Amino acid sequence: MTEAAAVEFRYRGREISQEDILYIRALIERHPNASRRTLSTQLCEAWQWRQDNGALRDMVCRGMLLMLDRAGQIALPPVSYVRHNPLAKRVRPEPARIDTTPMEDRLRHLQPLEFEQVRRTSQEPLFNSLMEEHHYLGYEQPVGEHLKYLVWAQGRPVACLAWSSAPRHLGSRDRYIGWSAEARRRSIRLIAYNTRFLILPWVRVEHLASHILGRMAARISEDWQRMYGHRIYFLETFVDAERFRGTCYRAANWVLLGKTTGRGKQSNSYVPNRSIKAVLGYPLTKRFRELLGEIG
């Protein structure tokens, strides 16, 4: 392949032209002793490749450089060291020492409920511990954009909720929104996925779960804006129909969008390899289709 050949690549929505590749080669030549991380940082700054909150898109950029290296378009320097991966051998959260006295009361007697976003706070270990010990799926460290909430009543935690970036491809969701593939690629970050919802097992308060979901819907977009520099316009979740009916979501006016196929990311056939789940969604604004289809 000659230097003049028009080679185009795409990575995470960014088109990479032959001119871009030549620029990266020149950057590597100018800094022969630079690490991959340093080169990625310099490239992000040169291209002004930033997240909405102003942070450099360093990890995305490193992935792009690795792709170009594997495609034979550039020659990255050797890896200087193998970074420790805390996810590979993560120490499970320690059990939380809290009051587990049964809490059975009317919802109005618990008011006011306090919602605390605990990611990057001193209360995050408590959230992790409660999820690990009491949620049937256990605790799982989210990746990408995510928020964690503790809900308090009378000075005691009563519920935990985790929200993260939405799956990129979800047929029933995509059909409900009606967006194009390009709009989905551009705006998928404007959807939040409810990965965990836990009412602590000693808490038995009628209508508490649906009330919490309604309160969350009223505040989560602003919290996302503060943490990541952009709002969200749609919420979604999966409900394992073999275990749950999703009553609290329906009571909070979430909409049944459809069902999953039962095939995970690693499936290489059309045969389900996991339980089929109901997909539910909740628009945060009447203009959600317009906003998800047009905002980039």
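See above for the structure.
Residues numbered from 1 in each chain as written. Predicted model: local features only at pLDDT ≥ 70, side-chain atom pairs only at ≥ 80, totals over all residues. Heavy atoms only, no water.

Draft legend 1. Highlighting helix H2 (residues 36–47). Under the 1.5 Å per step criterion, the end-to-end length of H2 is 16 Å for twelve residues, consistent within 8% with the ideal 16 Å. Within H2, burial applies to Leu39, Ser40, Leu43, Cys44 and Trp47. Buried residues along H2 cover an arc of 135° about the axis, so they all sit on one side. Where H2 is buried, its residues touch strand S2 (14–16), helix H1 (18–30) and helix H3 (58–70). Positive phi shows up at Gln48, right after H2, with a value of about 55°. (Helix = DSSP H or I, 4+ residues; strand = E, 2+ residues; numbered from the N terminus. Expected span 1.5 Å × (residues − 1). Buried < 20%, exposed > 50% of the residue type's maximum accessible area, 1.4 Å probe, protein only. Arc of directions from axis to C-beta. Contact = heavy atoms within 4.5 Å.)

Draft legend 2. Local environment of the packing of H2 against H3. Interhelical geometry of H2 versus H3 gives an angle of 110° and a closest axis separation of 9 Å. With respect to their mutual orientation, H2 and H3 come out roughly perpendicular. Judged by residue contacts, Arg36, Arg37, Ser40, Thr41, Leu43, Cys44 and Trp47 of H2 engage Asp58, Cys61, Arg62, Met64, Leu65 and Leu66 from H3. Tallied by class, residues from the contact of H2 with H3 come to seven nonpolar, two polar and four charged. (Axes fitted to C-alpha atoms, helices over the stretch in contact; angles between N-to-C directions. Parallel < 35°, antiparallel > 145°, perpendicular 65-115°, else oblique. Nonpolar A, V, L, I, M, F, W, Y, C, P; charged D, E, K, R; others polar.)

Draft legend 3. Quick look at the pattern of salt bridges. A full pass over the atoms with the stated rule returns 13 salt bridges. Across the salt bridge formed by Arg185 and Glu182, the nearest N and O atoms sit 2.4 Å from each other. Of this pair, Arg185 and Glu182 are both found in helix H7 (residues 181–187), three residues apart, which corresponds to roughly one turn of the helix. The shortest N-O distance in the salt bridge between Glu290 and Arg287 comes to 3.0 Å. What makes Arg287 partly exposed here is its relative accessible area of 43%. The network of salt bridges with shared partners includes Arg173, Asp174, Arg184 and Glu236. (Salt bridge = Lys/Arg side-chain N within 4 Å of Asp/Glu carboxyl O.)

Draft legend 4. Seen up close, the pairing of strand S5 (residues 146–153). Counting buried positions along S5 yields eight of eight residues, so the element is predominantly enclosed. Neither face of S5 is open: one carries His146, Lys148, Leu150 and Trp152, the other Leu147, Tyr149, Val151 and Ala153, and all of them are buried. Sheet analysis places strand S4 (residues 114–117) next to S5, joined by four bridges and oriented antiparallel. Residue Glu114 lies in a different strand from S5, and its bridge partner there is Trp152. Two elements, S5 and strand S6 (residues 156–165), share eight bridges in a ladder whose sense is antiparallel. In the strand pairing of S6, Trp152 is matched with Pro157. Linking S5 to S6, which pair antiparallel, is a turn of two residues; within it Gln154 sits at a positive phi near 55°. (Pairing = 2+ DSSP bridges.)

Draft legend 5. Main features of the packing of aromatic side chains. Inspection of every chain in the model, using the stated rule, returns ten aromatic pairs. Between Tyr136 and Phe244 the ring centres are 5.4 Å apart and the planes differ by 55°, which places this aromatic pair in the tilted class. Of this pair, Tyr136 sits in the loop between helix H5 (124–134) and S5 while Phe244 sits in the loop between strand S9 (234–240) and helix H9 (247–251), and the two are 108 residues apart along the sequence. Judged by its relative accessible area of 38%, Tyr136 is partly exposed. On the accessibility criterion, Phe244 (40% relative accessible area) is partly exposed. Of the aromatic side chains, those joined through ring pairs into one cluster are Phe197, Tyr249, Trp254 and Tyr282. Over the face of the ring belonging to Tyr23 we find Arg30, whose NZ or CZ atom lies 5.9 Å from the ring centre. In this structure, Arg289 packs its charged tip against the face of Tyr176, placed 4.8 Å from the ring centre. (Phe/Tyr/Trp six-rings, centres within 6.5 Å; stacked < 30°, edge-to-face > 60°. Lys NZ or Arg CZ within 6 Å of the ring centre and 35° of its normal.)

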